[in-house]
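Residue-level listing of the chains:
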Amino acid sequence: MPHEYRQPPPLRDVIERHDLMPKKSLGQNFLFDLNLTAKIARQAGDLQGQTVIEVGPGPGGLTRALLAQGANVIAIERDERCLAALQEISDHYPGRLNIVPGDALEADFKALAGNNRVKIVANLPYNVGTQLLIGWLLSEPWPPFYDSLTLMFQREVAERIVAKPSADAYGRLGVLAGWRTEAKITFDVPPQAFTPPPKVTSSVIHLVPRATPLPCDATTLGRVTQAAFGQRRKMLRQSIKPLGGEALLAKVGIDPTRRAETLSIEEFVALANAV
Ligand code: SAM
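Computed from a predicted structure; not experimentally measured.

This part takes up the site of the ligand. Taken together, 20 residues sit near the ligand, with Gln28, Leu31, Gly56, Glu77 and Asp103 positioned nearest. Note that a nitrogen atom of the ligand is positioned 3.5 Å from one of the side-chain N or O atoms of glutamate 54. One of the backbone nitrogen or oxygen atoms of alanine 104 is found 2.8 Å away from a nitrogen atom of the ligand. When the ligand is considered free in solution it has 600 Å² of accessible area, and contact with the protein chains removes 99% of it. Elements represented by at least two residues in the shell around the ligand include exactly β1 (30–31) and β3 (72–77). Within the shell around the ligand, the residues separate by chemical class into 8 nonpolar, 7 polar and 5 charged.

Here's what the structure looks like:
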């Protein structure tokens, strides 16, 4: 039988054999349900022959689903205990799983992608998830090296990513994600689906880069949103004082008594362009 059709050993055996007690410090909440991992992988679209970068494969539940759906996977994992388990999966899919040991926060994703278009798919460790997302959203040049991001977050963070102006969850993440991508929550995952179960519900989100977002310098927009939402209860003339305060707001015709959460993405872009 060709390698592709042989099943790697069941995940729970893998965990036991490699003694992979989940570590809280690494945000380890593992998925064992193959129907669920397959469903997450499907959100990324047709994966046949596609290159996928996965952050934090852990024992490889989602990795297997990505491989089974035809992807070639580059998987970055920080926990060395997981590497032998991932190697077993790699042996079942020769030449299709590239295991990259190390910290995703220090990874050069563009270099890992090389000349391939990639999709990024991950059940992210909660402690580094938003930092990674912001890095991907601020990628240069744009359109970026990836075709989509399919990511698991805590529901509350997912809501911030897709939030629209005036919503309680609207903030820096919503502006950056809405400016450069079309972002949507595709489905929720209850705590019991994970081992160990986290305290809160999680959500899978899917982000597709916009081909032509409003022209703006990404780093400046990042600074403006950080200042504005850093003191979100304050009026803008106060919160963005270090960037130009009232004079800057006057330049783009925004009432200085407004608060950050009332500004549309277009208004934030106008402000950043005036800085
Ligand atoms: N993908 C697996 C699954 O769905 O069952 C594991 C997901 S678990 C939520 C997060 C994974 O990210 C863990 O395997 C953890 O070791 C890994 N991780 C944590 N911090 C990391 C980092 N900075 N760089 C790379 N991997 C990291």
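Next comes the rest of the write-up.
Another aspect to go through is the nonpolar core. Core analysis: the largest hydrophobic core is formed by 56 residues, its most contacted members being Phe109, Leu133, Trp136, Leu151, Phe153, Ile161 and Phe268. No other element matches helix α12 (residues 265–274), which puts 6 residues into this core. Counting the residues that make up this core, at least three belong to each of domain 1 (11–209) and domain 2 (218–274). When residues no more than four places from it in sequence are discounted, the contact partners of leucine 133 are Leu149, Leu151, Phe153, Ile161, Leu173 and Leu207. Counting residues in hydrophobic clusters, the runner-up holds 33 residues, among them Ala41, Leu62, Ile99 and Phe187.

Our next topic: the domain arrangement of the protein chain. By convention, interface size is frequently given as the accessible area that disappears when the constituent parts associate. The domain boundaries assigned to the protein chain delineate domain 1 (11–209) and domain 2 (218–274). Computed over C-alpha atoms only, the centres of domain 1 and domain 2 are separated by 32 Å. Together domain 1 and domain 2 conceal approximately 1,100 Å² of surface at their shared face, both sides included; 69% is due to carbon and sulfur atoms. When residues of domain 1 are sorted by the area they lose upon contact with domain 2, Tyr170, Arg172 and Trp179 head the list and together hold 48% of the total. The tally of links between domain 1 and domain 2 comes to 0 salt bridges.

For the rest of this paragraph, the subject is the pairing of strand β2 (residues 51–55). Of all 5 residues in β2, 5 are buried, a share of seventy percent or more. In terms of strand pairing, β2 meets β3 through 5 bridges, oriented parallel. The residue of β3 that forms the bridge with threonine 51 is asparagine 72. As a crossover connection, the stretch from β2 through helix α3 (residues 61–68) into β3 is right-handed. Of the strand pairs in this sheet, β2 and strand β5 (residues 118–123) are connected by 4 bridges, and their pairing is parallel. Within β5, the position partnered with isoleucine 53 by the bridge is isoleucine 120.

Further remarks concern the pattern of salt bridges. Taken as a whole and judged by the stated rule, the model has 12 salt bridges. Taking the shortest distance from any N to any O, the salt bridge between arginine 160 and glutamate 156 comes out at 3.2 Å. With arginine 160 and glutamate 156 both in helix α7 (residues 155–162) and 4 residues apart, the pair spans about one turn of that helix. In this structure arginine 160 comes out as partly exposed when scored by relative accessible area, which is 31%. For the salt bridge of glutamate 261 with arginine 233, the shortest nitrogen-to-oxygen distance reads 3.3 Å. Of this pair, glutamate 261 sits in the loop between α11 (245–251) and α12 while arginine 233 sits in the loop between α9 (218–230) and α10 (236–239), placing them 28 residues apart in sequence. The class of arginine 233 is exposed, set by a relative accessible area of 58%.

Our focus in this paragraph is the packing of aromatic side chains. For the coordinates displayed, the defined rule picks out 5 aromatic pairs. Residues tyrosine 170 and phenylalanine 229 carry aromatic rings whose centres are separated by 5.7 Å and whose planes lie at 85° to one another, so their mutual orientation is edge-to-face. Here phenylalanine 229 lies in helix α9 and tyrosine 170 lies in the loop between α7 and α8 (172–180), a separation of 59 residues in the sequence. Per residue, the accessibility class of tyrosine 170 equals that of phenylalanine 229, and both read buried. Grouped by ring-pair contacts, the aromatic residues Trp142, Phe145 and Tyr146 constitute a single cluster. Lying over the aromatic face of phenylalanine 187, lysine 39 brings its terminal NZ or CZ to 4.1 Å of the ring centre.

Omega for the peptide link from glutamate 140 to proline 141 comes to -5°, which places this bond in the cis form. Locating proline 141 in the fold gives a position in the loop between α6 (129–137) and β6 (146–154). Look at the link from threonine 195 to proline 196: it is a cis peptide, with omega at -10°. For aspartate 19, which is not glycine, the phi dihedral falls at a positive 55°. The phi dihedral of serine 166 falls on the positive side, at around 80°, and the residue is not glycine.

Cut-offs used in this document
- Residues numbered from 1 in each chain as written.
- Predicted model: local features only at pLDDT ≥ 70, side-chain atom pairs only at ≥ 80, totals over all residues.
- Heavy atoms only, no water.
- Near = heavy atom within 4 Å.
- Polar contact = N/O pair within 3.5 Å; in protein donor to acceptor, adjacent residues only side chain to side chain.
- Areas by Shrake-Rupley, 256 points an atom, 1.4 Å probe, with all protein chains shown as cover.
- Helix = DSSP H or I, 4+ residues; strand = E, 2+ residues; numbered from the N terminus.
- Nonpolar A, V, L, I, M, F, W, Y, C, P; charged D, E, K, R; others polar.
- Core = buried A, V, L, I, M, F, W, Y, C linked by side-chain atoms within 4.5 Å.
- Buried < 20%, exposed > 50% of the residue type's maximum accessible area, 1.4 Å probe, protein only.
- Domains from an automatic or database assignment.
- Contact = heavy atoms within 4.5 Å.
- Buried area = accessible area lost by both parts, 1.4 Å probe.
- Salt bridge = Lys/Arg side-chain N within 4 Å of Asp/Glu carboxyl O.
- Pairing = 2+ DSSP bridges.
- Right-handed = clockwise from strand over helix to strand, strands pointing away.
- Phe/Tyr/Trp six-rings, centres within 6.5 Å; stacked < 30°, edge-to-face > 60°.
- Lys NZ or Arg CZ within 6 Å of the ring centre and 35° of its normal.

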